[in-house]
Every structure is written in structure tokens, then in C-alpha cells.
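Chain residues, written in single-letter form:
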Amino acid sequence: MDNKDANILLISDEDYEYEVLKDAGYKNVKRFTSMLRSYEYFKDEERRSEILDKFDIVLFGSSAIGYRDCGKYRNDCLQYVLENDIPYLSFFSSSYEDKLFYISKPNITSMGVEKERFISILSDVINDECELKGESIELPEITIQEKIIPQRREDVKVLFLGIYIDEEKVEEFFKNEGFTNYTYRRANNFSLDRNIAEFPKYDLVIVDDGFNGAISLFLKDYHDYQKDKDNNTFIGIYKVGNTNLRENTVWGYTTENPEFEKKIKYSSIGSDHEALIQSLKCVLKMYAEYNPNLSGDEYPSEEELNEQYEADYQKLVDEKNRIDKKFMNVREIYNRLFDCRAFLKKGVKIPRVEGLKIDILQDGMSMAFMVGAREAVRVTFKDEDFRRDNDGKIFFYLEYLNSNGKMKTAERHVVSCSYVYPDITDITDEEAKKIDVLTTRITNLLAPKIREINTALAKREKEEREKRNRNHRRPQNKKYMI
């Protein structure tokens, strides 16, 4: 009997592998596209003895579920084959344009072989190991069942597979949204292996992006597996950014169509939980678009989410600029006082400016804005605070005239523009305005005089340095001893 008449069972989710066998002339190739279906079919012992034993060889080809962390389905199918003493060949084909076959049994081809070599190896295995049985085999046809699409949110069977999240808050979210038929399972390293066959039992499955690559490959298997089931499954996968300014992505897949993919990419500002909840809303919006019985109009679109981000980001920038201005105003006062202290050490008089009073103290520095002969605003820095200064913080004492015309008692304040302490600035906007009045007077009147003095000092120091250098280079008269 010609080996092209061999009864071959191919378990593969790749159409290409089936086409290669048919193009090579093999006439009796039966195929399970779904590893789950083959597992479910042959786990029945009576069915195995009636059907499986009629095959001459079993080919374990490409299968996402068979190889990605879910080996139990493939391993059980392989065990059925071994129990019935049926020759088998194990391989997978690459997904590149120039497809190669990687064979792990009967021999290992780690570098991959072209389809001609693969067919040659298959032919050798059939010739050497198979006694062709000539049986007539018919696998039962798959009867496509009418799908039941949930009519209400409470009818939707939801599975959420999550890790490192607040389980109670997520469950509260789904129930508040009307999805009360809800199941939560904590994800771990074994989640796919333990739950992969459970996904088709749900209408909506939501997982984090750690499973994205695998699940998107499982869709061919699920598509075939659910043909005779009464539902399709919509799978939502979310990825939440890990910084305060987050880049988030949500994918949507359906087992009804393996080629279907919907994607929402949006930015957000906020906590991990806030980003998670918003991503779950994106999944529900996708599912509502897929299920015509439900409405998801209350959930924002991708464009609306990104518009909201732009508005939130601008608010953040405005707030940061507002805090930075407070910090820079106080820093300007400190820097100019520091200049004045340096002048005193060099024996230079502090410049006089109308409307400003400068005091260099033993333990600090102080400057006041004057209205006539009266102080209106005073800012004081103590040296002991600056010995503790770190990470962009400035400590200071603020006094100012209150509404009763009395000077408010000095209180210790702090400003910061550091990302380490984003919320540490504790002066009010009203207090900041009083400091701004003082800073404006310094910038307009004191700072120019300080620059003039510094320029003059620099010129004098340069002249003195050049004079010392000339004196050092001047030749000395030599003295000779007779």
C-alpha cells in the first residue's frame, strides 16, 4: 500500500501545515484545529479505542495551547497515542514568510528544515514504523450551534483574572456597573494552565497584559473549540503604565473571529487603581460595541480619554509652575541676602535700596519690604535651617501686616520644587502674593546694584591678580660674591 494512503491525524492550529500534507499527496488527513477539542474528544476511553486506533500515525503540529504553559492537554493526548502504540511525529512550523519546520520527534532539527525535508522525514517514519491499516475513518462533523448573546448586563458571565490589585474594589466596580455574574481569580504562574479551558465558559474574560501574547495566539483554537458551544467569548486585556504620567493600552479579542482585534491606547494621570478602573471601563465599552444588546455610551472613547489627559496634564503643569514660582521667589530673596552677606565679609557696604531693609544677623539673614518707615512683609532665613536643607527644600520665616494693621507673628514655612516632595509647599496663595511684592522690589532695584558691585569686585580682583603675576615674573638683580 502506498504510504500516501496512510491515515494521518493532524492536531494543528496552522492551516499551512495541513496544506503542505495535502500538497504532498497524502489523501487521508484528518485534522483537529483545536488542541482542546482533541483533548476533549479522546479523553473518552471508548472513543479512543474505536477511533484513535484506526490511525496509522499522529502528527502533533503547531498549537498555541499545546505549547504555551498548557502542556497538560498535549501531554494527555500524547499519552493516549502512546497507550495505543501509534507512531507519532512532533513538530511546529515557524511564522515567518520563509516557513521552516522544527521537529522534536523522531529526531531534533533545531535549525529548522524546509517543507521538502519535512515531508521526506514524514515519509521515512511512515515507511519504517507504520503498518498501514487501511481503515476507513470519519471524525464526527462539528455542528455549529446557535450562539446565545446575553441580553442584560447581569446575564454576562464575567471572569476577571488579576494580580496585585484590590480584589474587593474591582468586584465592587463590576457590580456597580451591573455585571453581577462575576468571578474573580488571582493570577499566578499557573493561571493559563489551570484556566485556559475555562475561558470559553464565560462571555467576557478580562486579564492583564502578562497574558496578552499567549491569549492572542489561542484564538484559533478557541474559535474552533466553541463552534459547537452556545456562546462566544470576548477577551479584554489591559496594560496600565507604571509612572504617574501613564501610557495605558487595552486590547479586545473575540473567539468568534480570530482575526478580530480592537485596541484603545490612552494616557492618564493618577493612581494604579484609577488607571485600572479606567481600563476596565474601556473593556466594557469594547464589549458593549461587540454585544448589540448592551449600551456603553457612558464610557469615554479613546479620543475623549486623551482629551481628558491633555486637560489634566495642563492642570498639573499649571500647578507645578505655581509651586515653582513660590520656590523661585523665596530662593531669589535668599540668594540676594547671601550676596549681601558676602559683601560684608569683603568689607563692601551693602547697597541701599528705597523700600527695602536688609539685616545680616549672627544666626541668619532677613529682608523686609517697607511702606514708609513701617515693615509690611519680612522674610527671615536661619542658618540652622539651611544646614538641614536638602532635595530642593527651603525653610524660612514669614511676617506680614494682617487686616488689622498688626504684624503677623513669624511662622516657619517651607517651599519646594522637588519631585521627591511634590506637595510640601505650605504657603497660601495670599502669602505667596506678599512674598512676590518683596521679590519684585528685589529684582527691579536691588539685583541690578548687586550685579554692578559684583562686576566692580571682579574687575578689581582681576587687576590685583594681574599685578601679582607681573611682580612674580619681574627679574631680580643678581648678586655676585667676589
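Quick caveat: nothing in here was measured; it's all calculated off a predicted structure.

Criteria and thresholds
- Residues numbered from 1 in each chain as written.
- Predicted model: local features only at pLDDT ≥ 70, side-chain atom pairs only at ≥ 80, totals over all residues.
- Heavy atoms only, no water.
- Buried < 20%, exposed > 50% of the residue type's maximum accessible area, 1.4 Å probe, protein only.
- Helix = DSSP H or I, 4+ residues; strand = E, 2+ residues; numbered from the N terminus.
- Arc of directions from axis to C-beta.
- Contact = heavy atoms within 4.5 Å.
- Pairing = 2+ DSSP bridges.
- Axes fitted to C-alpha atoms, helices over the stretch in contact; angles between N-to-C directions.
- Core = buried A, V, L, I, M, F, W, Y, C linked by side-chain atoms within 4.5 Å.
- Patch = residues over 30% accessible without salt bridge, like charges linked within 9 Å, V, L, I, M, F, W, Y side chains within 5 Å.
- Areas by Shrake-Rupley, 256 points an atom, 1.4 Å probe, with all protein chains shown as cover.
- Salt bridge = Lys/Arg side-chain N within 4 Å of Asp/Glu carboxyl O.
- Parallel < 35°, antiparallel > 145°, perpendicular 65-115°, else oblique.
- Left-handed = near helix turned anticlockwise from the far one by under 90°.
- Nonpolar A, V, L, I, M, F, W, Y, C, P; charged D, E, K, R; others polar.
- Disulfide = S-S within 2.5 Å.

Peer 1: Before we go on, may I ask you to explain helix α1 (residues 15–23) in this structure?
Peer 2: One full turn of an α-helix is made of 3.6 residues, so residues set three or four places apart face in the same direction. Every buried residue of α1 is listed here: Glu 17, Val 20 and Leu 21. Angularly, the buried residues of α1 cover 95° about the axis, an arc narrow enough to put them on a single face. In this fold, the buried residues of α1 make contact with β1 (7–11), β2 (28–32), β3 (57–60), β4 (88–93), β5 (101–105) and α6 (115–129).

Peer 1: Teacher, can you tell me more about the sheet that holds β1 here?
Peer 2: Strand pairing in a sheet relies on backbone hydrogen bonds, with the paired strands running either antiparallel or parallel. Pairing is mixed in the open sheet, where five strands are placed in the order β2-β1-β3-β4-β5. Unpaired on one side and paired on the other, β2 and β5 mark the two borders of the sheet. Across the sheet, the mean angle from the axis of one strand to that of its neighbour is 25°, orientation sign disregarded. Examined bridge by bridge, β3 and β4 share three bridges and lie parallel to one another.

Peer 1: Whenever I open this one, the nonpolar core confuses me. Can you help?
Peer 2: Side chains of a nonpolar character, in soluble globular proteins, are inclined to be buried together. Core analysis: the largest hydrophobic core is formed by 43 residues, its most contacted members being Leu 9, Phe 199, Ile 215 and Phe 218. It is helix α9 (residues 212–225) that provides the largest number of residues to this core, a total of six residues. Residues Met 367, Phe 386, Leu 398 and Leu 457 belong to the second largest nonpolar core, which totals 33 residues.

Peer 1: How should I be thinking about the sheet that holds strand β9 (residues 234–239) in this particular structure?
Peer 2: Pairing within the open sheet is mixed, and its six strands lie in the order β7-β6-β8-β9-β10-β11. The outermost strands of the open sheet, each flanked by one partner alone, are β7 (182–186) and β11 (257–269). In this sheet, adjacent strand axes meet at a mean angle of 15° when their direction is disregarded. By the bridge criterion, four bridges tie strand β6 (residues 158–162) to strand β8 (residues 204–208) in an arrangement that is parallel. Counted as the bridge partner of Leu 161 is Val 207 from β8.

Peer 1: Just to check I follow, could you spell out the environment of Pro 150 for this structure?
Peer 2: Within the secondary structure, Pro 150 sits in the loop between α6 and β6. Between the C-alpha atoms of Pro 150 and Asn 291, which are 141 residues apart in sequence, the distance is 7.8 Å. In this structure Pro 150 touches Asp 155, Val 156, Asp 203, Tyr 287, Asn 291 and Asn 293, once residues within four positions along its chain are discounted.

Peer 1: I keep staring at a nonpolar patch on the surface and nothing clicks. Help me out?
Peer 2: Residues Leu 245, Tyr 313 and Leu 316 make up a contiguous nonpolar surface patch of about 230 Å² in total accessible area. With respect to the helices and strands, Leu 245 occurs in strand β10 (residues 245–254). Using a relative accessible area of 35% as the deciding quantity, one classes Leu 245 as partly exposed.

Peer 1: Please explain the side chain of Thr 380 as it appears in this structure.
Peer 2: On the secondary structure map, Thr 380 appears in strand β14 (residues 374–382). When neighbours within four sequence positions are excluded, Thr 380 is seen to be in contact with Met 365, Ser 366, Phe 396, Tyr 397 and Glu 399.

Peer 1: Teacher, can you tell me more about the packing of α1 against α6 here?
Peer 2: Between two packed helices, what matters for the description is the angle formed by their axes and the separation of those axes. Close contact between α1 and α6 brings their axes to 11 Å; oriented N to C, the two are set at 65°. Classed by the angle they form, the pair α1 and α6 counts as roughly perpendicular. With respect to the hand of their crossing, α1 and α6 are arranged in right-handed fashion. From α1, Tyr 16, Val 20 and Leu 21 reach across to α6, where they touch Lys 115, Phe 118, Ile 119 and Leu 122. Class assignment of the residues belonging to the contact of α1 with α6 gives a composition of six nonpolar, no polar and one charged.

Peer 1: I would appreciate a short explanation of the state of the cysteines in the present structure.
Peer 2: Here a disulfide denotes a covalent bond joining the sulfur atom of one cysteine to the sulfur atom of another. Taken as a whole and judged by the stated rule, the model has zero disulfides. Counting only cysteine sulfurs, Cys 77 is the nearest neighbor of Cys 130, a cysteine outside any disulfide, at a range of 18 Å. Taking the relative accessible area as the measure of exposure, Cys 130 reaches 12% and is therefore buried.

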